[in-house]
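Fold and geometry: a report
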Amino acid sequence: MTTSNSWLLVDDDDAFLQILQRALKRHGIDATCSHCHAEALHALDTQPFQNCVLDLNLAGESGLQLLPELLAKQPGLEVLVLTGYGSIATAVEAMRRGAINYLCKPVNVQQLLSGFEPLAATPELRQEPPSVEEMEWEHIQRVLNENEGNVSATARALHMHRRTLQRKLQKHSRWRG
């Protein structure tokens with residue numbers, strides 16, 4: 001793992017941030033919590049960080065849009081994107097924008113710490129093809145990403161009622177944990 005003692009945690013869920021901050025403290029890591037885009041950018045102005053855990057969905061704001069801004073302020077920052085709405089499309093986009101890893105919630109502290117370690121070997125590929133539901137979810141996520149998280153524009157692009165899309169997004173987020 002990178003020698004890092006100062007992390008920036010960006011998530012709109014205060015309870016999650018507090019639990020994560022305490023868990024990291026037990027591992028000798030000082031973490032600063034930010035709840036939104038503006039707080040995260042302000043934190044980067046006040047001190048340098050080695051690592052950042054960035055939530056994909058920040059109360060309506062996109063963590064993917066914040067990612068390049070974080071890296072512009074601190075180019076050496078290693079950013080791990082954490083989400084409850086995981087998809088291949090958003091994982092690829094996060095990596096394209098500079099994230100070093102992408103993990104789906106829920107995760108424990110050990111998984112989070114491992115997320116900042118370089119891969120020692122090529123990960124094992126999945127043997128079975130994706131289900132129809134997984135393929136639908138990937139397509140929805142790709143179109144949602146193309147529309148910068150705008151649910152109404154995504155619903156129009158998918159020729160789907162906005163409420164139907166919202167139900168699918170909510171159902172999937174509960175199913176994923």
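Since the structure is predicted, the reported quantities are computational estimates derived from the model, not experimental observations. Along each chain, numbering runs from 1 in the same order as the chain's sequence is written. This being a predicted model, a pLDDT of at least 70 is required before a residue's local features are given, and a value of 80 or more before pairs of side-chain atoms are given or counted; all residues contribute to the totals for chains, interfaces and linings. To get the side-chain values, all heavy atoms of the structure are used, and hydrogens and water are removed first.

Structural notes on the sheet that holds strand β7 (residues 101-104)
Think of it this way: DSSP has to see at least two bridges between two strands before they count as a pair. A run of H or I in DSSP counts as a helix once it spans at least four residues, and a run of E counts as a strand once it spans at least two, with each numbered from the N terminus. Strand order in the open sheet formed by five strands is β2-β1-β3-β6-β7, with parallel pairing between adjacent strands. At either end of the open sheet lies a strand with only one pairing partner, and these are β2 (30-34) and β7. Across the sheet, the mean angle from the axis of one strand to that of its neighbour is 20°, orientation sign disregarded. Bridge count between strand β1 (residues 6-10) and β2: five bridges; the pairing is parallel. If you follow Ser6 over to β2, its bridge partner there is Asp30. In what follows, residue pairs with any heavy atoms lying within 4.5 Å of each other are defined as contacts. Working convention: axes come from line fits to C-alpha atoms, limited for helices to the stretch in contact. Angles between N-to-C directions cover 0 to 180 degrees. Most of the contacts of helix α3 (residues 63-73) go to strand β3 (residues 51-55), to which it runs at about 160°, and overall it touches β1, β3 and β6 (78-83).

Re the side chain of Asp11
Inspection of the secondary structure assignment puts Asp11 in the loop between β1 and α1 (14-26). Here the term buried applies to any residue with accessible area under 20% of the maximum for its type, exposed to any over 50%, and partly exposed to those in between, with areas from a 1.4 Å probe on protein chains only. Judged by relative accessible area, which is 2%, Asp11 ranks as buried. The term polar contact refers here to a pair of N or O atoms within 3.5 Å; inside protein, the definition further demands a hydrogen-donor-capable atom paired with an acceptor-capable atom, and it admits residues adjacent in sequence only when both atoms are side-chain atoms. Reaching out from Asp11, the side chain makes a polar contact with the backbone nitrogen of Asp13 at a distance of 2.9 Å.

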